[in-house]
Amino acid sequence: MAFSPKSQLLFFSLLCIFFTLSHSFNPSHPNKVDVHDLLPAYNLPKGLLPDNVKSYTISPKDSSFTVQLTHPCYVQFEDQLVYYETDIKGKLSYGSVSDVSGIQAKKLFVWVSVTGINVDEESHMIEFHVGFLSEKLPANEFENIPTCKNKGCQGSPLASI
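None of these values were measured; they are calculated from a predicted model.

Conventions adopted
Residues numbered from 1 in each chain as written. Predicted model: local features only at pLDDT ≥ 70, side-chain atom pairs only at ≥ 80, totals over all residues. Heavy atoms only, no water. Disulfide = S-S within 2.5 Å. Helix = DSSP H or I, 4+ residues; strand = E, 2+ residues; numbered from the N terminus. Buried < 20%, exposed > 50% of the residue type's maximum accessible area, 1.4 Å probe, protein only. Polar contact = N/O pair within 3.5 Å; in protein donor to acceptor, adjacent residues only side chain to side chain. Contact = heavy atoms within 4.5 Å. Phe/Tyr/Trp six-rings, centres within 6.5 Å; stacked < 30°, edge-to-face > 60°. Salt bridge = Lys/Arg side-chain N within 4 Å of Asp/Glu carboxyl O. Pairing = 2+ DSSP bridges.

Q: Explanation requested: the state of the cysteines in the structure shown.
A: Any covalent bond linking the sulfur atoms of two cysteines counts as a disulfide. Counted by the stated rule, this structure contains one disulfide. For C73, the disulfide goes to C148, at an S-S distance of 1.5 Å. In this structure, the disulfide formed by C73 and C148 twists by about -90 degrees around the S-S bond and is classed as left-handed. Taken together, the residues C73 in strand β3 (residues 73–76) and C148 in the segment after β9 (133–138) connect sequence positions 75 residues apart. With a relative accessible area of 13%, C148 lands in the buried category.

Shown next as C-alpha cells:
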C-alpha cells in the first residue's frame, strides 16, 4: 500500500517529535532541540523559560517534564516579577501546562506558586493560574527568551532604592 506525500510528511514529523521528546538534552548531543525551540510545537511561547536552562526531559508517555536550570533566578517581565527554582516540573499539552511546580510570581508583597499556564489565542494573552486565581498577561511579553537575574530588583526602578 502506498502512502500519499502528505501522509509521509505527517508520519515523518510525528516520528521526529517523538524522537525529540523521548531524549533529554545533553550537551554532548549538539543536534538536540533546545527546549525554547520545542515550546512552540505545543503552542507555547519560547519566553516562558529563562535563558539558563541546563537540561530537560519530557516523557513520551504522559508529556510530563522536568527542566533544570543552572541556578535559581528572577525574571522581570513588564508588570510581573517571576522566580524560577532550579527544578521546574509540569505536564505539557497543546496550549497549556498543568501541575506546574518551581515557578512563583510576586503579587503585592506575597510570592504565589504558579500551578498552570494556558494560551488564549483569541485574546493573544497567556493566563497564569495561582491556585483558584488567575492573571492574563500579553503573549508578546513571552516572545523572547528572558535573561535570568540573580536578584529580583535588577532592571527595575526599585533597584536604585
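Here the narrative resumes, following the displayed structure.
Q: Sorry, what's going on with the side chain of Q80 here?
A: Looking at where Q80 falls in the secondary structure, it is placed in the loop between β3 and β4 (81–93). Looking at Q80, the relative accessible area reads 4%, which means it is buried. Within the structure, the side chain of Q80 is placed 2.9 Å from the backbone oxygen of K106, a separation counted as a polar contact. A polar side-chain atom of Q80 sits 2.9 Å from a polar atom in the side chain of K107. In contact with Q80, other than residues within four places in its own chain, are V75, A105, K106, K107, E135 and L137.

Q: When you look at the packing of aromatic side chains in this model, what are you seeing that I'm missing?
A: Any two aromatic rings considered together are summarised by their centre-to-centre distance and by the angle between their planes. If you walk through the whole model with that rule in mind, you get five aromatic pairs. Ring geometry for Y74 against W111: centres 5.9 Å apart, planes inclined by 55 degrees, an arrangement best described as tilted. Here Y74 is found in strand β3, whereas its partner W111 is found in strand β6 (residues 110–113), with 37 residues between them in sequence. You can call Y74 partly exposed: its relative accessible area is 22%. Within the aromatic cluster, the residues linked to one another by ring pairs are Y74, Y83 and W111.

Q: Quick question: what am I supposed to make of the pattern of salt bridges here?
A: Two side chains bearing opposite charge may form a pair once their charged atoms approach each other closely. According to the stated counting rule, one finds three salt bridges in the structure shown. Salt-bridge contacts for K46 lead to D37; the nearest nitrogen and oxygen are separated by 2.9 Å. Judged by relative accessible area, D37 falls into the partly exposed class, the value being 43%. The partner of D120 in a salt bridge is K136, with the nearest N and O atoms 2.9 Å apart. Remark: K136 occurs in strand β9 and D120 occurs in strand β7 (residues 116–120); sequence separation between them is 16 residues. Given a relative accessible area of 23%, D120 falls into the partly exposed group. What makes K136 partly exposed here is its relative accessible area of 38%.

Q: Before we go on, may I ask you to explain the environment of K136 in this structure?
A: For the pair K136 and I126, spaced ten residues apart in sequence, the C-alpha separation works out to 5.4 Å. If we skip the residues at most four places from it in the chain, K136 touches D120, S123, M125, I126 and E127. At 2.9 Å, the side chain of K136 and the side chain of D120 are in polar contact.

Q: Explain the pairing of β7 to me, please; I cannot follow it from the model alone.
A: Side-chain direction in a regular strand flips from residue to residue, so the side chains alternate between the two faces of the sheet. Strand direction decides the pairing type here: strand β5 (residues 96–107) and β7, joined by two bridges, are antiparallel. Bridge assignment links S96 to a residue of β7, and that residue is N118. Where β7 meets strand β8 (residues 125–130), five bridges bridge the pair, whose relative direction is antiparallel. Bridging from a neighbouring strand, I117 pairs with F128 of β8. Here β7 hands over to β8 after four residues, with H124 in that stretch at a positive phi of 55 degrees.

Note that all results are geometric; they support no functional claim without further evidence.
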